[in-house]
Amino acid sequence: MFNDIGPLELVTIVVLAVLVFGPDKLPKVIQDVMRTVRKVREFSESAKQDIRQELGPEFKDFEFEDLNPKTFIRKQLDNDDLGIKELRSSFDLKKEMAEVADAVHGRDTDAPSAAAPAPSGGRVDMAKKPEEPRREERPPFDADAT
């Protein structure tokens, strides 16, 4: 609960509490606060139990922390039913990005790239630089596009 409170902050809170409530009322205030915290925790736990009972036996392993989107996604990605672990291990993003960068800059790669298909079948090789048009050929001009 107090994981991010440092020692200086804790001393400041204690000094402020003594100044506000006084040394004679402070123990009573602490007891009241602790009693309230316990009641809120008991109420929360009873509400969770009621919800689990209403959901039925199929949700017996349901945890409310799973409703947090980060926790839900992490739990689903760790599930091996989808084979996502295999996909994650086989996909090398750095290698793929290097291949794309090489293709864009016109550099030859050692391995054949999936982004640059073979020129057969009337396909255009995107890794190849286009030929310069001859002087007598003018590029197409569309007056409506300007």
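Residues numbered from 1 in each chain as written. Predicted model: local features only at pLDDT ≥ 70, side-chain atom pairs only at ≥ 80, totals over all residues. Heavy atoms only, no water.

### Concerning the overall build of the protein chain
Step number 1: In terms of helices and strands, the protein chain carries 5 helices and 0 strands.
Step number 2: From first element to last, N terminus to C terminus, the protein chain shows the α and β order α-α-α-α-α.
Step number 3: Looking at the protein chain as a whole, 8% of its 146 residues qualify as buried.
Step number 4: When the accessible surface of the protein chain is summed, it comes to about 13,900 Å², and 59% of that surface belongs to carbon and sulfur atoms. (Helix = DSSP H or I, 4+ residues; strand = E, 2+ residues; numbered from the N terminus. Buried < 20%, exposed > 50% of the residue type's maximum accessible area, 1.4 Å probe, protein only. Areas by Shrake-Rupley, 256 points an atom, 1.4 Å probe, with all protein chains shown as cover.)

### Thoughts on a nonpolar patch on the surface
Step number 1: Together, V11, V15, L16, L19, V20 and F21 make up an exposed nonpolar region whose accessible area comes to about 590 Å².
Step number 2: When you line up the elements, V15 lands in helix α1 (residues 7–21).
Step number 3: Residue V15 is classed as partly exposed on the basis of its relative accessible area of 43%. (Patch = residues over 30% accessible without salt bridge, like charges linked within 9 Å, V, L, I, M, F, W, Y side chains within 5 Å. Salt bridge = Lys/Arg side-chain N within 4 Å of Asp/Glu carboxyl O.)

### Comments concerning the pattern of salt bridges
Step number 1: With the rule as written, the count across this model stands at 2 salt bridges.
Step number 2: A salt bridge links R35 to D32; its shortest N-O distance comes to 3.0 Å. In this pair, R35 and D32 both sit in helix α2 (residues 26–55), 3 residues apart, roughly one turn of the helix.
Step number 3: Owing to a relative accessible area of 40%, R35 belongs among the partly exposed residues under this scheme.
Step number 4: Overlapping salt bridges bring together K28, D32 and R35 as one network.

### Thoughts on α1
Step number 1: In this model, α1 (15 residues) spans 21 Å end to end at C-alpha, consistent with the 21 Å of a helix rising 1.5 Å per residue.
Step number 2: Where α1 terminates, the next one or two residues include G22, which has phi positive at roughly 90°. (Expected span 1.5 Å × (residues − 1).)

### Thoughts on the side chain of R52
Step number 1: In this structure, R52 sits in helix α2.
Step number 2: Judged by relative accessible area, which is 19%, R52 ranks as buried.

### Things to note about the environment of V104
Step number 1: One can find V104 in helix α5 (residues 93–105).
Step number 2: In this structure, the C-alpha to C-alpha distance between V104 and K128, residues 24 residues apart in sequence, is 8.8 Å.

### Some words on the confidence of the model for the protein chain
Step number 1: Scored by pLDDT, the protein chain comes out at a mean of 77, with 71% of its residues at no less than 70.
Step number 2: When mean pLDDT is compared element by element in the protein chain, α2 scores highest at 91, while helix α4 (residues 84–90) scores lowest at 68.
Step number 3: Here residues 113–120 is modelled with pLDDT under 50, and outside its nearest four sequence neighbours on either side it reaches 6 contacts, counting other chains as well. (pLDDT = per-residue confidence, 0-100. Contact = heavy atoms within 4.5 Å.)

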